[in-house]
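Each chain, written out:
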Amino acid sequence: MALALRSPHEASERVDLLLSHARVGAQLGERSLQRGLRVFELALIGEAMGRLQTK
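Peer 1: Which parts of the structure should I look at to understand the overall build of the protein?
Peer 2: Along its length, the protein carries one helix and zero strands. Scored against the burial criterion, the 55 residues of the protein give a buried share of 2%. Element-wise, carbon and sulfur atoms account for 65% of the exposed surface of the protein, whose accessible area totals about 5200 Å².

Peer 1: Explanation requested: the pattern of salt bridges in the structure shown.
Peer 2: Two side chains with opposite charge may pair up if their charged atoms get near one another. Applying the stated criterion to the full structure yields three salt bridges. The partner of Arg38 in a salt bridge is Glu41, and the shortest N-O contact between them spans 3.0 Å. Residue Arg38 and its partner Glu41 are located together in helix H1 (residues 8-54), separated by three residues, close to a single helical turn. Since its relative accessible area comes to 41%, Arg38 is described here as partly exposed. Take Glu41: its relative accessible area is 37%, and that puts it in the partly exposed class. A salt bridge links Glu47 to Arg51; the shortest N-O distance between them is 2.8 Å. You can see Glu47 and its partner Arg51 sitting in helix H1, four residues apart, about one turn around the helix. On the basis of relative accessibility, which here comes to 41%, the residue Glu47 falls in the partly exposed class.

Peer 1: What is the right way to look at a nonpolar patch on the surface in this model?
Peer 2: Taken together, the side chains of Leu42, Ile45, Met49 and Leu52 define a hydrophobic patch exposed on the protein surface, amounting to about 390 Å² of accessible area. Along the chain, the position of Met49 falls in helix H1.

Rules of the game
- Residues numbered from 1 in each chain as written.
- Predicted model: local features only at pLDDT ≥ 70, side-chain atom pairs only at ≥ 80, totals over all residues.
- Heavy atoms only, no water.
- Helix = DSSP H or I, 4+ residues; strand = E, 2+ residues; numbered from the N terminus.
- Buried < 20%, exposed > 50% of the residue type's maximum accessible area, 1.4 Å probe, protein only.
- Areas by Shrake-Rupley, 256 points an atom, 1.4 Å probe, with all protein chains shown as cover.
- Salt bridge = Lys/Arg side-chain N within 4 Å of Asp/Glu carboxyl O.
- Patch = residues over 30% accessible without salt bridge, like charges linked within 9 Å, V, L, I, M, F, W, Y side chains within 5 Å.

Printed below as a string of structure tokens:
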């Protein structure tokens, strides 16, 4: 599927738009990963605290 570009400026705008979408996707993925790691971290802390209290 080839896109008919009328000018180098139009091609540049499309590349900028694609990169913008890629950046937003990467940022959302990074935040999601950070939230997941935080949940995992809290679970490990909770488990460690529980083990300390049972001793």
